[in-house]
Amino acid sequence: MPGEMTAEAMHKQYSEGVTAFRQHIANPAMRQKFRGGADEFFRSCALGVWHADGGSVSPRHVELYNAIYCKGDPAPSALFWELSTAVAEYPGFREPEFFQRMREHDRAYGQETARRFVDLMTLMLLLFAAADGAVSDREAGFVNACADALTALCDRDGLPGGKAKLDAEDFVTRQGPSPAAPPAGKEAAEPAAPEPEESLEDLMAELDGLCGLERVKKDVKSLINLVKVRKLREKEGLPTPPLSLHLVFMGNPGTGKTTVARLLARIYHAIGVLSKGQLVEVDRSGLVAGFVGQTAIKTGEAVQKALGGVLFIDEAYALSNHDSPNDFGQEAIETLLKGMEDHREDLVVIVAGYTDLMEGFLHSNPGLESRFNKYFYFEDYDGAQLMEIFLSLCEKNGYALQKEGEEAVRAWFQRLYAERDENFGNARDVRNCFERAVARQADRVAALDGPTKEQLMELTLEDLDLEDGES
């Protein structure tokens, strides 16, 4: 079967994952106790995973089982009949002895070692389940049941943290669409009516309606024209040069990068480039995990969610950390590049961040430079554009700005733009100003006896209180 794991790969991934976790255990005695019991515990988990999948054992399972040990530890030497018997007679999942010590330590010092171990265990059990190139529903059910059992112990002890971030059900290998059966005793519900398709004209009008961003609007329209002409050439059987739709958004915070990315995903769907057109937004924390192996799964999960749409990675430069040799950002980048290659027909990736930092990020990996060759530059909003955004927020939310207040806030935005520094937040500053004004207006109006509709809507100079607001 394509995708089956070799014994060498099993040993490498297992040993690296467990070793990296062990290095994060602060208490030396607990670290030693974990080392002494980890291999035996995880080998028993492998028996449980294979038992849950039907209990059928092959010579390959023997090779893989004997590969489950950390570097420096003695390797097992189970024979076929021994493993077959052990899988068939699997007694059920049991908490490892070192896990109680972890919980006691975490309860005493307010740490999350036990919670992190649940993440590690989930990852390792998924590794065992995927040994044959696929994860079955029964294997996923067993993995989640084990994670839930240990999580319940953490909850009982009042340990900080929450449920394991990995859900094994997300990694089940599906052979094709398989709609879920309706609950017993209930008729299947009528399928929901599909949402009406958005027209390209309406989407372009929405783009044109955005405040400022003239350069970006021009670049988006040029890109759309390129795609449309390419499709026409394909229809006529004419050669079409390679085209990458992955994009780099460069600019300061609050300049509309996420808004444009979401709109562009819908536009790509409208012109037939993407099958769904959704936007999945992540940053470094949504892709990078704390130890070897889990980052690849976490990044792969983000890619899977974005299939048919756009994966938008904000502050993408944070993935390329050259200062730390143990940083897992590069693992995320490599997994991302593989996902872009495997799903190049139905996935668009947009990376975003500060202009100077993004240039360093793109130069950190040759694969990034080759796949991201289109750049959109988002300029800061000037004072007049900031005022336009503020007035649109007022109109959208049913507020009317008093004339005196309008003059004051207009002058304030002009000064904010003229004196901007690295902390300038563009539209975020406008939104903060609006929300502060609404909060102050609520305090003022609440003291009135039976306020009128006009009073409920009016924002005054007193409500703005611009000198006290931080930019």
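Relevant structure appears above.
Counting of residues starts from 1 at the beginning of each chain's written sequence and follows it residue by residue. Per-residue local features of the predicted model are confined to residues with pLDDT of at least 70, and side-chain atom pairs are confined, for both listing and counting, to 80 or more; whole-chain, interface and lining totals are unaffected and use all residues. Derived side-chain values reflect all non-hydrogen atoms in the structure, with water molecules and hydrogen atoms excluded from consideration.

(A) Summary view of unusual backbone geometry. The phi angle at L213 is positive, at roughly 55°, despite the residue not being glycine. Secondary structure elements follow DSSP: runs of H or I of four or more residues count as helices, runs of E of two or more count as strands, with numbering from the N terminus. Within the element layout of this structure, L213 appears in the loop between α8 (200-208) and α9 (214-235). Of note, the phi angle at N426 is positive, near 55°, even though the residue is not glycine. Take N426: it is sitting in the loop between α16 (403-418) and α17 (427-446).

(B) A look at helix α11 (residues 294-306). Here the expected length of a helix is defined as 1.5 Å per residue gap, with one fewer gap than residues. Taking 1.5 Å per residue, 13 residues should reach 18 Å; α11 reaches 19 Å between its end C-alpha atoms and fits that length. Taken together, the buried positions of α11 are occupied by Q294, T295, I297, K298, T299, E301, A302, V303 and A306. Contacts from the buried residues of α11 go to α6 (113-129), β2 (279-282), β3 (310-313) and α12 (329-342). Phi turns positive, to about 90°, at G308, one or two residues after α11. Here the term buried applies to any residue with accessible area under 20% of the maximum for its type, exposed to any over 50%, and partly exposed to those in between, with areas from a 1.4 Å probe on protein chains only. Residues are treated as being in contact if the distance between any of their heavy atoms lies within 4.5 Å.

(C) Broad picture of the packing of helix α5 (residues 97-109) against α6. Angles here are taken between N-to-C directions and fall from 0 to 180 degrees, while the axes themselves are lines fitted to C-alpha atoms, restricted in helices to the stretch in contact. One can describe the packing of α5 onto α6 by two numbers: an axis separation of 8 Å at closest approach and a directional angle of 140°. Considering their axes alone, α5 and α6 lie oblique with respect to each other. On α6, the residues that touch F98, F99, M102, R103 and D106 of α5 are T113, A114, R115, F117 and V118. Charged residues are taken to be Asp, Glu, Lys and Arg, nonpolar residues to be Ala, Val, Leu, Ile, Met, Phe, Trp, Tyr, Cys and Pro, and polar residues to be all remaining types, Gly included. Looking at the contact of α5 with α6, its residues break down into six nonpolar, one polar and three charged. Roughly parallel means an angle under 35 degrees; roughly antiparallel means over 145; roughly perpendicular covers 65 to 115; every other angle is labelled oblique.

(D) Quick peek at helix α7 (residues 137-156). Between the first and last C-alpha of α7 there are 28 Å, a value that for 20 residues agrees with the 28 Å anticipated at 1.5 Å per step. Lining the buried residues of α7 we find α2 (28-52), α5 and α6. Backbone geometry just after α7 places G158 at a positive phi near 70°.

(E) Quick look at the side chain of T151. You can see T151 is positioned in helix α7. What qualifies as a polar contact is a pair of N or O atoms within 3.5 Å, subject to a donor-acceptor requirement within protein and to the restriction that residues adjacent in sequence count only when both atoms come from side chains. In terms of polar contacts, T151 uses its side chain to reach the backbone carbonyl oxygen of A147, at 2.8 Å.

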